[in-house]
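# Observations on chain architecture
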Amino acid sequence: MSFKKLLQSLKDNLKRQGIESPNALQKEILSKIKGGASLFVIAPKNSGKTTSIVISVINHLKEAFEDAPRALIFVKDKQEALELAEIFNIYKRGTDLRVYCAYEEHNLELQREELYLGTDIVIATPKRLNRIFYLNGINLNKLQMCIVDDADFLFRNNHFAEVTRTPESIGRCQYLVFTDNYDMRFERWRESFMNLAQIINFKG
């Protein structure tokens, strides 16, 4: 997929960052993501996984819509959440898309109130997202994309179980998992809610 088919504001923002054409990984996966496929993407560090997430989400959502989030991205911790939000803020310029970060170091009740006001993209740690969800603080019924960035972290501190609970609560959705290494423990996911997912093993 070339960048010609992207939202114009997104193309402009990519160009400002010196990115005028997709790299090798993006050529392989962006069209599949745009087509609605669920993917396990295994690719080395610095191959463009995170940028692919940002491009895909912005190009799919395009503009703010109602109150419930349509994209949920799981990350390891507060730092990862804030860094990813900053990347989104750069590339979503020219749109009214709303990005919200949910992590343990922030007041839980305040997060519930802020989410109630409406957002399009939620970047969250698994533990905090589950706390908010089970307190009825977030509506996942409109979710269209559920994504895990740098998924290697899932096998520590029970994150895997917490992320796995989320799909049990939502309907039809596109799932995208990005990781440096494919761990056989991911097979549990493939057998449950990602049984139709394609595995993209990108060597770089």
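Note on numbering: residues in each chain are counted from 1, in written sequence order. pLDDT decides what is reported in this predicted model: residues at 70 or higher carry local features, side-chain atom pairs at 80 or more are listed and counted, and totals for whole chains, interfaces and linings draw on all residues regardless. Side-chain metrics in this entry use all non-hydrogen atoms of the structure; hydrogen atoms and water are not considered.

## Remarks on the overall build of the protein chain
The secondary structure content of the protein chain amounts to eight helices and seven strands. For a compact globule the rule gives 2.2 Å times the number of residues to the power 0.38, and the radius of gyration it is set against comes from C-alpha atoms. In terms of C-alpha radius of gyration, the protein chain reaches 16 Å, essentially the compact-globule figure of 17 Å for 204 residues. Its C-alpha atoms give the protein chain principal-axis dimensions of about 45 × 40 × 30 Å. Residues classed as buried in the protein chain amount to 50% of the 204 residues present. Note on contacts: a residue pair qualifies if any of its non-hydrogen atoms lie within 4.5 Å across the two residues. A fraction of 72% describes how many contacts in the protein chain between residues 6 or more apart in sequence connect residues 24 or more apart. As displayed, the protein chain has an accessible area near 10,100 Å², and 46% of this comes from carbon and sulfur atoms. Helix and strand definitions follow DSSP, with helices as H or I runs of at least four residues and strands as E runs of at least two, each counted in order from the N terminus. Relative accessibility thresholds used throughout: buried, under 20% of the residue-type maximum; exposed, over 50%; partly exposed, between the two (1.4 Å probe, protein chains only). We get accessible surface area from the Shrake-Rupley algorithm with a probe of 1.4 Å; when it comes to residues, only the shown protein chains can shield them.

## Structural notes on unusual backbone geometry
The backbone of glutamate 66 sits at a positive phi, close to 50°, despite the residue not being glycine. Mapped onto the fold, glutamate 66 is located in the loop between helix H3 (49–61) and strand E2 (71–74). Look at aspartate 150: it is not a glycine, yet its phi comes out positive at around 50°. Its place among the elements puts aspartate 150 in the loop between strand E5 (145–148) and helix H7 (159–165).

## What to know about the packing of helix H2 (residues 24–34) against H3
Helices that pack against each other are described as a pair by the angle of their axes relative to one another and the distance between those axes. Angles run from 0 to 180 degrees between N-to-C directions of axes, and those axes are lines fitted to C-alpha atoms, restricted for helices to the stretch in contact. In the contact formed by H2 and H3, the axes pass within 10 Å of each other and the chain directions differ by 30°. If you check the angle between H2 and H3, you find them roughly parallel. Judged by the sense of rotation from one axis to the other, the crossing of H2 with H3 is right-handed. Here Leu25, Gln26, Ile29, Leu30, Ile33 and Lys34 of H2 lie close against H3, whose contacting residues are Lys49, Thr51, Ser52, Ile55, Ser56 and Asn59. In this scheme, roughly parallel covers angles under 35 degrees and roughly antiparallel covers those over 145, while 65 to 115 is roughly perpendicular and the rest are oblique. In this scheme, a crossing is called left-handed if the near helix is turned counterclockwise away from the far one by less than a right angle; it is called right-handed if the turn is clockwise.

## Topic: the environment of valine 148
Among the secondary structure elements, valine 148 is positioned in strand E5. Residues valine 148 and threonine 125, spaced 23 residues apart in sequence, show a C-alpha to C-alpha distance of 9.9 Å.

## Quick look at the confidence of the model for the protein chain
Every residue is assigned a pLDDT by the predictor, reflecting its confidence on a scale from 0 to 100. For the protein chain, mean pLDDT is 91; residues scoring 70 or higher make up 98% of the total. Within the protein chain, the element-level pLDDT minimum falls on helix H8 (residues 187–191), averaging 74, and the maximum on strand E4 (residues 121–124), averaging 98.

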